[in-house]
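So the chains spell out like this:
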Amino acid sequence: MPAPAKLIALSQNGKLYVVSASKAFQDAKAYRNERSWWNYLFGTDPGVDFVELKAEGGLKFGERWTGVSAGVHHLLAVTNKGRTFSLPLSPAGNSHRQLGTRQVFETPFPVPSSSSSALTLSPQLPPESDIRFATTLTEIPSLKGLEVAQVATSDRTSFVRTPAGRILGWGANESGQIGLGANAAVEMINVPVEVVLAKNYPGGTALRCLDIKAAGQMTFFTVERALAGKDPAIDLLACGNGMSGSLGNGLWSSASGVPTRVKT
C-alpha cells in the first residue's frame, strides 16, 4: 500500500499546518473527539484532522511564518524575521544534510501515538504516513544572523535567497543542481555555500537573483542583470540534470553544474 502524501499549508496569519492528502485519513473518526476543544472555543468543526507545525523553542514575539517549501523528504520554512528552519518529512529527511543540521534519525522513527493516526488505521504504512511524524522545526545553525527572504527545496537539495539577491545552497549535488560550477560536481554539500551566478557573466555585470524554483535534480534561477548605462534585463538560468532537455539550454547532459541561460 503506497504511503499517502501530505499537504503543507501556510495560513494568512502566518501559521503552518499539515493535513493528509488521503480522504480516509482526513476523516479519521477519532479526531472529532480530539478536536472537541476546537468546537468549544470556536463553535465549528474544522472538518479535517490536522497538526500545526511549531518552531523548536517557539517563535519570537511578533514573528510568524512567511514562506515554506517542501521537498520529497524535508521541508524548509522562513519567518518574517528572516530566520530559516527545517523539518524532516521522512527518516531520509537528512540523508544529504539537506536540513542544514547534523540530525540523525532513528529507525523506526518514533511517532507520537494518536487514535486518529494513519498508522493506527493502516499499520503497514511507513511512519512518515502519519501527519504527526515530525512536527517541530529546527532553526538552521549556520544561517543564524543571516536574513533570508525565500526558501526553496528539491528532491534532497536546499536553497535560500537573501533580500539582496544572494543565494546559498546545500544538500545533494550529484547532478550539479546546486549550481556551483563545472569543477564542483561533488555528490553532497554538507553546509550552505554561496552560489555565485555572476561568474557566468562578463565582468562588471551587476546581478541579483529574484526567485528560485527547484524540483527533482533541477534548479532554475530568475536573475536581473545590468551593465553600466544600460537598462536591466531578466534571465532564467538552469542547472542540474538535463538528460531529457528539461534545462532548456540546448544541452542533454546528465550533470550540468554551471547555471546556463534558458535560450528562448
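As shown above, the structure is provided for reference.
Report follows, based on the coordinates.

What counts, and where the lines are drawn
Residues numbered from 1 in each chain as written. Predicted model: local features only at pLDDT ≥ 70, side-chain atom pairs only at ≥ 80, totals over all residues. Heavy atoms only, no water. Helix = DSSP H or I, 4+ residues; strand = E, 2+ residues; numbered from the N terminus. Buried < 20%, exposed > 50% of the residue type's maximum accessible area, 1.4 Å probe, protein only. Contact = heavy atoms within 4.5 Å. Salt bridge = Lys/Arg side-chain N within 4 Å of Asp/Glu carboxyl O. Pairing = 2+ DSSP bridges. Polar contact = N/O pair within 3.5 Å; in protein donor to acceptor, adjacent residues only side chain to side chain. Axes fitted to C-alpha atoms, helices over the stretch in contact; angles between N-to-C directions. Phe/Tyr/Trp six-rings, centres within 6.5 Å; stacked < 30°, edge-to-face > 60°.

**Some words on the overall build of the protein**
Alright, step 1. For the protein, the count of helices and strands is four helices and 15 strands.
Alright, step 2. Looking at the protein as a whole, 44% of its 264 residues qualify as buried.
Alright, step 3. Intrachain contacts of the protein at a sequence separation of at least 6 include 48% that bridge at least 24 residues.

**So, the pattern of salt bridges**
Alright, step 1. Here the structure, examined in full by the defined rule, presents nine salt bridges.
Alright, step 2. Between D49 and R132 there is a salt bridge, with the nearest N and O atoms lying 2.9 Å from each other. One end of the pair, D49, is in the loop between helix 3 (36-42) and strand 3 (50-55); the other, R132, is in the loop between helix 4 (118-121) and strand 7 (136-139), with 83 residues separating them in the sequence. Pair check on accessibility: D49 and R132 agree, each one buried.

**Brief notes about unusual backbone geometry**
Alright, step 1. Unusually for a residue other than glycine, R97 sits at a positive phi of about 60°.
Alright, step 2. When you line up the elements, R97 lands in the loop between strand 6 (84-88) and helix 4.
Alright, step 3. Judged by relative accessible area, which is 26%, R97 ranks as partly exposed.

**Description of the pairing of strand 10 (residues 167-172)**
Alright, step 1. Where burial is concerned, most of strand 10 is hidden: six out of the six residues are buried.
Alright, step 2. Alignment of strand 9 (residues 157-161) against strand 10, held across five bridges, turns out to be antiparallel. Bridge assignment links T157 to a residue of strand 10, and that residue is G171.
Alright, step 3. Between the end of strand 9 and the start of strand 10, which pair antiparallel, lie five residues, with G165 showing a positive phi angle near 90°.

**Considerations on the side chain of S86**
Alright, step 1. Mapping S86 onto the fold places it in strand 6.
Alright, step 2. Within the local environment of S86, its side chain forms a polar contact with the backbone oxygen of L99, the two atoms lying 2.8 Å apart.
Alright, step 3. Residues within four places of S86 in sequence aside, it is in contact with L75, L76, L99, T101, L137, T138 and I140.

**Looking at the sheet that holds strand 7**
Alright, step 1. Strands sit in the order 1-2-3-7-6-5-4 across an open sheet of seven strands; the sheet is mixed. Where the open sheet ends on each side, the last strands, each with one partner, are strand 1 (6-10) and strand 4 (65-70). On average, each strand axis in the sheet is inclined to that of its neighbour by 25°, with strand direction left out of account.

**Here we look at the packing of aromatic side chains**
Alright, step 1. Going through the model one piece at a time under the given rule, you end up with three aromatic pairs.
Alright, step 2. Ring plane angle 80° and centroid distance 5.7 Å describe the contact between Y17 and F50, whose orientation is recorded as edge-to-face. In this pair, Y17 is assigned in strand 2 (residues 16-20) and F50 in strand 3, connecting sequence segments 33 residues apart. Across the pair, F50 and Y17 agree in class, each one buried.
Alright, step 3. Between F159 and F221, the aromatic rings sit 6.0 Å apart at their centres with planes inclined by 85°, giving edge-to-face as the arrangement. Of this pair, F159 sits in strand 9 while F221 sits in strand 13 (residues 218-226), placing them 62 residues apart in sequence.
Alright, step 4. Assessed through its relative accessible area of 0%, F159 is described here as buried.

**Looking at the pairing of strand 7**
Alright, step 1. The pairing of strand 3 with strand 7 spans two bridges and is parallel. Of the residues in strand 7, the one forming a bridge with K54 is T136.
Alright, step 2. For strand 6 and strand 7, the ladder comprises two bridges, and the chain directions are antiparallel. The residue bridging F85 from the neighbouring strand is E139, located in strand 7.

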